[in-house]
Amino acid sequence: MSQSDLDEELSLEVGEIARLLSYILFLLVAAGMFFAAGDIPTSRFEKLGAGAFPQFVFAGIFLICAIAIVLTVPKIPARAYGQLFNQAILWARKCYLVFVCLAALGVYLVAMPWLGFSLASLIFLFGLQMALLPRSLNTIFIAAIVAVVFSYGLNMLFADIFTVFLPKGVF
């Protein structure tokens, strides 16, 4: 086997580990939601209770995840577990723009109560476009127009047409 074939095989094995971790995460979330659905208040006219249907759904998800975990574990060779961290670092470097977008979204959501919808959206949209687009005078001009239209334009549309007022902010 060549080195590229080994790297591809290792990548697939590490992908199986990532899939296994997602199964475990979904299993835990389904278990938590199953118990949370049991706390839904019921009326005296319901025989099963308001949380019965969600509990059936989450129990099904839990069961499917448990089966997937049992079927996935034997497929993964032991050597793949040692390479999980290294492969995750390589993947994160390759997909760094995803993290840039998530970080920008987080800052936008935290800043919106203070800056208001329009100003926070303007900064978010313009900044994200500057991070993602190739920079030239033309693209900067178009990014500025898009940011203004989609921040202040949406605010005007919601306020004037739909009479829904978006957050004003402190500033």
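Whatever comes next refers back to the structure up there.
Residues numbered from 1 in each chain as written. Predicted model: local features only at pLDDT ≥ 70, side-chain atom pairs only at ≥ 80, totals over all residues. Heavy atoms only, no water.

## Observations regarding the overall build of the protein chain
Filter applied, for reference: Only DSSP runs of H or I covering at least 4 residues are called helices, and only runs of E covering at least 2 are called strands; the numbering of each starts at the N terminus. All radius of gyration figures rest on C-alpha atoms, and the globule criterion is 2.2 Å times the number of residues raised to 0.38. Burial classification: accessible surface area is computed with a 1.4 Å probe over protein chains only, and a residue below 20% of its type maximum counts as buried, one above 50% as exposed, and the rest as partly exposed. Areas reported as accessible are Shrake-Rupley estimates using a 1.4 Å probe. Residue values count occlusion only from the protein chains shown.
A count of helices and strands for the protein chain gives 7 helices and 0 strands. Ordered by position from the N terminus, the helices and strands of the protein chain form the series α-α-α-α-α-α-α. At 24 Å, the protein chain has a C-alpha radius of gyration far larger than the 16 Å of a compact globule built from 171 residues. Each principal axis of the C-alpha atoms in the protein chain carries an extent, and together these give about 65 × 55 × 25 Å. Across the 171 residues in the protein chain, those meeting the buried criterion constitute 23%. Carbon together with sulfur atoms contributes 75% to the accessible area of the protein chain, which is approximately 12100 Å² in total.

## With respect to helix α5 (residues 96-115)
As a reminder of what qualifies: Helices are assigned an expected span. That span is 1.5 Å times one less than the residue count. For a residue, the bend is simply the angle between two axes, fitted respectively to the seven-residue segment ending there and the seven-residue segment starting there. Contacts are residue-level and defined by heavy atoms, with any inter-residue pair within 4.5 Å sufficient.
Taking 1.5 Å of rise per residue, the 20 residues of α5 would be expected to cover 28 Å, and the 27 Å separating its terminal C-alpha atoms lies within 8% of that figure. Of all the bends in α5, the greatest, near 25°, is centred on L109, and the proline P113 appears no more than four residues after it. Where α5 is buried, its residues contact α6 (117-132). Immediately beyond the C-terminal end of α5, within one or two residues, lies G116, with a positive phi of roughly 90°.

## Description of helix α2 (residues 52-72)
Compared with an ideal rise of 1.5 Å per residue, which puts 21 residues at 30 Å, α2 spans 30 Å between its outermost C-alpha atoms and is within 8% of the ideal. Of all the positions in α2, only A52, C65, A68, I69 and T72 are classed as buried.

## So, the packing of aromatic side chains
Which entries qualify depends on this criterion: Only Phe, Tyr and Trp rings are paired, with Trp represented by its six-membered ring, and only when their centres lie within 6.5 Å; those with planes under 30 degrees apart are stacked, over 60 edge-to-face, the remainder tilted.
What the rule picks out here adds up to 4 aromatic pairs. Ring geometry for W91 versus F99: centroids 5.7 Å apart, planes at 85°, classification edge-to-face. Ring centres of Y108 and F124 lie 4.5 Å apart, and the angle between their planes is 25°; this geometry places the pair in the stacked category. Here F124 lies in helix α6 and Y108 lies in helix α5, a separation of 16 residues in the sequence. Judged by relative accessible area, F124 falls into the buried class, the value being 18%.

## So, a nonpolar patch on the surface
Selection criterion: Nonpolar side chains (Val, Leu, Ile, Met, Phe, Trp, Tyr) within 5 Å and like charges within 9 Å form the patches, drawn only from residues with over 30% relative accessible area and no salt bridge. A carboxyl oxygen of Asp or Glu within 4 Å of a side-chain nitrogen of Lys or Arg is what we treat as a salt bridge.
On the surface, a cluster of nonpolar side chains totalling about 580 Å² of accessible area is made up of W91, V98, F99, L102, L105 and L109. You can see V98 is positioned in helix α5. With a relative accessible area of 42%, V98 lands in the partly exposed category.

## What to know about the state of the cysteines
The condition that has to hold: Pairs of cysteine sulfur atoms within 2.5 Å are what we label disulfides.
Using the criterion set out here, one finds 0 disulfides in the structure. As a non-bridged cysteine, C101 has C95 as the owner of its nearest cysteine sulfur, 11 Å distant.

## Some points on unusual backbone geometry
In this structure, T163 takes a positive phi of about 50° despite not being glycine. Here T163 is to be found in the segment after α7 (137-160).

## A closer look at the packing of α5 against α6
This is how it is decided: The axes used here are C-alpha line fits, helices contributing only the stretch in contact, and every angle between their N-to-C directions lies in the interval 0 to 180 degrees. For this classification, under 35 degrees means roughly parallel, over 145 means roughly antiparallel, 65 to 115 means roughly perpendicular, and everything else is oblique. Put simply, a crossing is left-handed when the front helix is turned counterclockwise from the back one by less than a right angle, and right-handed when it is turned clockwise. Any residue outside Ala, Val, Leu, Ile, Met, Phe, Trp, Tyr, Cys, Pro, Asp, Glu, Lys and Arg is labelled polar, Gly included; the first ten of those are nonpolar and the last four are charged.
One can describe the packing of α5 onto α6 by two numbers: an axis separation of 8 Å at closest approach and a directional angle of 165°. The pairing of α5 with α6 is recorded here as roughly antiparallel in orientation. Seen from above, α5 lies across α6 with right-handed handedness. Each of L97, V100, C101, A104, L105, Y108, M112 and L115 in α5 lies in contact with α6, whose residues at this interface are F117, L119, A120, S121, I123, F124, L128, A131 and L132. Partitioning the contact of α5 with α6 into residue classes produces 16 nonpolar, 1 polar and no charged.

Any functional reading would require information that these geometric values do not contain.
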